[in-house]
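Here's the letter readout for the chains.
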Amino acid sequence: VQLQASGGGSVQAGGSLPLSCADSGRAFGTWDMGWFRQAPGKEREFVAGISWSGSRTSYIASVKGRFTISRDNAKNTVYLQMNSPKPEDTAVYYCAAKRGDFYGIGWRSEYHYWGQGTQVTVSS
């Protein structure tokens, strides 16, 4: 598994920003995928997760209704659509992969593979 996140950048509050994460491996369709973020001076936190099939998703409360996680197993890619971002969403965003049983989808310790991170800056 080799994860490559992209799409970060600067965005105005209330705008939109799509993130994507591509896996160069062959078993992408067997992994649950998650997005985490880390702001300066803070712990890395779970943002959203999706099951290997795409049938189940999970979000932290602060992004529900604003962010959408999705995946395309044919393209080995997971997405995070950030709508109406807020300045407090500013962080480095990481994609990650875990064994595909949805157990512990929000637990950082369950994830085996991590991408390199992409910076998202939301200005007011």
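Everything below is about the structure shown above.
Note that the structure is a prediction, hence the values are computed from the model and not measured.

*Asks:* Could you clarify how one ought to interpret the packing of aromatic side chains in this entry?
*Replies:* Within a pair of aromatic rings, the relevant descriptors are the distance that separates the centres and the angle that separates the planes. This model, assessed by the stated rule, comprises six aromatic pairs. Here Phe36 and Tyr111 contribute two aromatic rings whose centre-to-centre distance is 4.9 Å and whose plane-to-plane angle is 85°, an arrangement assigned as edge-to-face. Of this pair, Phe36 sits in strand S4 (residues 31-38) while Tyr111 sits in strand S10 (residues 111-114); the two residues are 75 residues apart in sequence, bridging distant segments of the chain. Given a relative accessible area of 6%, Tyr111 falls into the buried group. Summarising the aromatic geometry, the rings of Tyr103 and Trp107 are spaced 5.1 Å apart at their centres and angled 80° between planes, so their arrangement reads as edge-to-face. Relative accessible area serves as the criterion here: at 46%, Trp107 is assigned to the partly exposed category. Members of the aromatic cluster, joined through ring pairs, are Phe36, Phe46, Tyr111 and Trp114. The ring of Tyr94 carries Arg44 above its face, with NZ or CZ at 3.7 Å from the centroid. When the ring centre of Trp114 is taken as origin, the NZ or CZ atom of Arg44, which lies over that ring, is 5.0 Å away.

*Asks:* Please clarify how the state of the cysteines should be interpreted in this entry.
*Replies:* Between two cysteines, a covalent bond joining their sulfur atoms is known as a disulfide. As enumerated under the stated definition, the model contains one disulfide in all. At a sulfur-sulfur separation of 2.0 Å, the disulfide partner of Cys21 is Cys95. Its S-S torsion of approximately 60° makes the covalent link between Cys21 and Cys95 right-handed. One end of the pair, Cys21, is in strand S3 (residues 16-23); the other, Cys95, is in strand S9 (residues 91-99), with 74 residues separating them in the sequence. For Cys21, a relative accessible area of 1% corresponds to the buried category.

*Asks:* How should the sheet that holds S3 be read in this particular structure?
*Replies:* Sheet strands associate in pairs through backbone hydrogen bonding, adopting either a parallel or an antiparallel arrangement. Reading across the sheet, the four strands line up as S1-S3-S8-S7 and stay open at both edges, with antiparallel pairing between neighbours. Edge positions in the sheet fall to strand S1 (3-6) and strand S7 (67-72), since each has one partner strand and no second. Across the sheet, the mean angle from the axis of one strand to that of its neighbour is 15°, orientation sign disregarded. Note: S1 against S3, four bridges, orientation antiparallel. Looking at S3, one finds that Ala5 is bridged to Cys21.

Rules of the game
- Residues numbered from 1 in each chain as written.
- Predicted model: local features only at pLDDT ≥ 70, side-chain atom pairs only at ≥ 80, totals over all residues.
- Heavy atoms only, no water.
- Phe/Tyr/Trp six-rings, centres within 6.5 Å; stacked < 30°, edge-to-face > 60°.
- Helix = DSSP H or I, 4+ residues; strand = E, 2+ residues; numbered from the N terminus.
- Buried < 20%, exposed > 50% of the residue type's maximum accessible area, 1.4 Å probe, protein only.
- Lys NZ or Arg CZ within 6 Å of the ring centre and 35° of its normal.
- Disulfide = S-S within 2.5 Å.
- Pairing = 2+ DSSP bridges.
- Axes fitted to C-alpha atoms, helices over the stretch in contact; angles between N-to-C directions.

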